[in-house]
Amino acid sequence: MSLLFNSEGYFCEGEVEREWQFKMKFGRILLTNQELSLFRKSNINLTEIETIIDKFTDGFKIPLLKINNVSNIKIGKIYVVRIETTDGFLFSITMADNKSSGKKRSMELSELLNGNILRNT
């Protein structure tokens, strides 16, 4: 399994809504030649004295064989990768932040996904 894409970003199941930063989960987005993994990021504090550390936990794992359609769309000021699965689920991903609309990284992810879906079919 080879790593094709690695980025921090926001994701959710379903459509992107207003105030997306508060409604979407923030975490790590990993694409391999077999699956797309979305890991939620949460800050945990081991003790009251020690510093806060980041912990990544499972969010979603989507096998490439289950992806039916990938599109890159602009919603408001941000760019979103929409992923539709063969079993009827919809996922939205964006690499937008306070400084960027996420256009470049969203286009890169959608191109990699579409290319790998074609290879796996």
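See the structure shown above.
A brief report on the enclosed structure follows. Given the structure is predicted, the values throughout are model-derived calculations rather than measurements.

Our next topic: the overall build of the chain. Summing up its helical and strand segments, the chain has 2 helices and 7 strands in all. Going from N to C terminus, the chain has its helices and strands arranged as β-α-β-β-β-β-β-β-α. Per-residue burial over the chain gives 36% buried out of 121 residues. In the chain, the proportion of contacts linking residues at least 24 apart, taken out of those at least 6 apart, comes to 48%. Approximately 7600 Å² of the chain is accessible, and the part contributed by carbon and sulfur atoms is 49%.

Glancing now at the nonpolar core. In terms of nonpolar packing, the biggest core is built from 19 residues, with I29, L36, I83, I93, L109 and L113 touching the most fellow members. Listing elements by their share of this core, those giving two or more residues are β1 (3-13), β2 (25-32), β3 (35-45), β4 (52-63), β5 (67-75), β6 (78-85), β7 (90-94) and α2 (103-120). For this core, the element with the most residues is α2, which contributes 3 residues.

Further remarks concern α2. Helix length check: α2 (18 residues) gives 26 Å between terminal C-alpha atoms against 26 Å at 1.5 Å per residue, within 8%. Those residues of α2 that fall on the buried side of the exposure criterion are S106, L109, S110, L113, N116 and I117. One side of α2 carries all its buried residues, which in axial view fall inside an arc of 140°. Seen from the buried face of α2, the exposed residues on the opposite side, beyond 90 degrees, are K104, E111, L118 and R119.

On to the pairing of β5, then. Sheet topology note: the β5/β6 ladder contains 8 bridges and is antiparallel. For I75, the partnering residue across the bridge sits in β6 and is I78. In sequence, β5 turns back onto β6 through a hairpin of 2 residues, with G76 there showing a positive phi of about 65°.

Glancing now at the environment of F26. Counting through the fold element by element, F26 comes out in strand β2. Expressed as a C-alpha distance, the spacing of F26 and Y10, which sit 16 residues apart in the sequence, is 4.5 Å. Not counting residues up to four positions away in its chain, the partners in contact with F26 are E8, G9, Y10, F11, F39, R40 and K41.

So, how was this worked out
Residues numbered from 1 in each chain as written. Predicted model: local features only at pLDDT ≥ 70, side-chain atom pairs only at ≥ 80, totals over all residues. Heavy atoms only, no water. Helix = DSSP H or I, 4+ residues; strand = E, 2+ residues; numbered from the N terminus. Buried < 20%, exposed > 50% of the residue type's maximum accessible area, 1.4 Å probe, protein only. Contact = heavy atoms within 4.5 Å. Areas by Shrake-Rupley, 256 points an atom, 1.4 Å probe, with all protein chains shown as cover. Core = buried A, V, L, I, M, F, W, Y, C linked by side-chain atoms within 4.5 Å. Expected span 1.5 Å × (residues − 1). Arc of directions from axis to C-beta. Pairing = 2+ DSSP bridges.

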